[in-house]
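Topology and contacts: notes
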Amino acid sequence: MTRTAPPPAQKPPAAVRARKSGDAPAERSTRTVISPLALAGRRGKAAYWSVFALVVLLFAFAFLFPVYWMVTGAMKPPEEVVRTPPTLVPEQWRTSGYTDAWDLMRLPTHLWNTVVQATGAWILQIVFCTAAAYALSKLRPAFGNIILGGILATLMVPVQALVVPKYLTIADMPLIHVNLLNDPLAIWLPAVANAFNLYLLKRFFDQIPRDVLEAAEIDGAGRLRTLWSIVLPLSRPVLGVVSIFALVAVWQDFLWPLMVFSDTDKQPISVALVQLSQNVPLTVLIGAMVIASIPMVLMFLVFQRHIIAGISAGSTKG
């Protein structure tokens, strides 16, 4: 009768051997300014929440006080605005600063000009940047990396160095020889070529799983149908971020609109505030600046969820 040899004894894991020998690995612990034991007590919690509330209040005061100072500055008499020391609360609450700014500086006209210029630039930028980013990301054209490198190389060129070439191009369009000065197209066309937003869209499209697009192709969807029905609905967060970047860039731009709009009736609000500020009281100018900043503040408050979602979407992978 043959005997079978017993199986070799298996070695215990390294953690078990270390624990038996007394050399257990040290557990990782996160070091903080205040130890978890001190935070567990009543005094520790009270000190923690007191410091936290104080920091939040200081930051809120630092950001909100300039807004309060600007809003209340338009409600003071002109002599009270320049008084030293200044008054935190207006002695006489007046709304004439806002009403005079609305009428004397023709804010409805200039605000409408800004809305038209910003909306057109936003629409064209969304259409062309999205199409270019989709082509570079999913269609993979020939020499796509070289084209993308050339587009990103434009980010290294200072904006001021491009002002003169852009102006000469707008003043006399190549081939068609059309003058676009004092025309909204002078704002729309240069805004389309935004390398940063194009790269932002491409990076987001790169993270869309290839399986989703292949499933759409199996179902018979073409390239445009896949872009419209699959890619764009998945890209709402980054499209929201690009939209806000496009609108804010046109709304706050000053140098380029100043050069291309010599007609005062067609100037945006950023240029009109400077051109018309010489012959108006200081309170009227402050009121005009408050009114001009309201659309951007409202847009941020409405779309802040999309901004955070778009920023976080770039760090996730499908």
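Predicted, not measured: the structure shown is a model, and the values here were computed from it. (Residues numbered from 1 in each chain as written. Predicted model: local features only at pLDDT ≥ 70, side-chain atom pairs only at ≥ 80, totals over all residues. Heavy atoms only, no water.)

1. Digging into the pattern of salt bridges
Inspection of the entire model under this criterion finds four salt bridges. For Glu-91, the salt bridge goes to Arg-83, with nearest N and O atoms at 2.7 Å. For Arg-83, a relative accessible area of 32% corresponds to the partly exposed category. Between Arg-106 and Asp-265 there is a salt bridge, with its nearest N and O atoms 2.8 Å apart. One end of the pair, Arg-106, is in the loop between helix 5 (96–104) and helix 6 (107–139); the other, Asp-265, is in the loop between helix 14 (255–260) and helix 15 (269–275), with 159 residues separating them in the sequence. (Salt bridge = Lys/Arg side-chain N within 4 Å of Asp/Glu carboxyl O. Buried < 20%, exposed > 50% of the residue type's maximum accessible area, 1.4 Å probe, protein only. Helix = DSSP H or I, 4+ residues; strand = E, 2+ residues; numbered from the N terminus.)

2. Quick notes on the packing of aromatic side chains
The geometry of an aromatic ring pair comes down to the distance between the two centres and the angle between the two planes. Using the criterion set out here, one finds seven aromatic pairs in the structure. Consider the rings of Tyr-48 and Phe-52, whose centres lie 6.4 Å apart with planes at 15°: the pair is stacked. Of this pair, Tyr-48 and Phe-52 both sit in helix 3 (residues 42–73), four residues apart, which is roughly one turn of the helix. For Tyr-48, a relative accessible area of 38% corresponds to the partly exposed category. Ring geometry for Phe-65 versus Trp-69: centroids 5.9 Å apart, planes at 35°, classification tilted. (Phe/Tyr/Trp six-rings, centres within 6.5 Å; stacked < 30°, edge-to-face > 60°.)

3. Looking at the packing of helix 11 (residues 210–218) against helix 12 (residues 223–234)
Helix 12 packs onto helix 11 with a crossing angle of 125° between their chain directions and a minimal axis gap of 10 Å. Taken together, the axes of helix 11 and helix 12 lie oblique to each other. Crossing hand, helix 11 versus helix 12: right-handed. From helix 11, Val-212, Leu-213, Ala-216 and Glu-217 reach across to helix 12, where they touch Arg-223, Thr-226, Ile-230 and Val-231. Of the residues belonging to the contact of helix 11 with helix 12, the class tally is five nonpolar, one polar and two charged. (Axes fitted to C-alpha atoms, helices over the stretch in contact; angles between N-to-C directions. Parallel < 35°, antiparallel > 145°, perpendicular 65-115°, else oblique. Left-handed = near helix turned anticlockwise from the far one by under 90°. Contact = heavy atoms within 4.5 Å. Nonpolar A, V, L, I, M, F, W, Y, C, P; charged D, E, K, R; others polar.)

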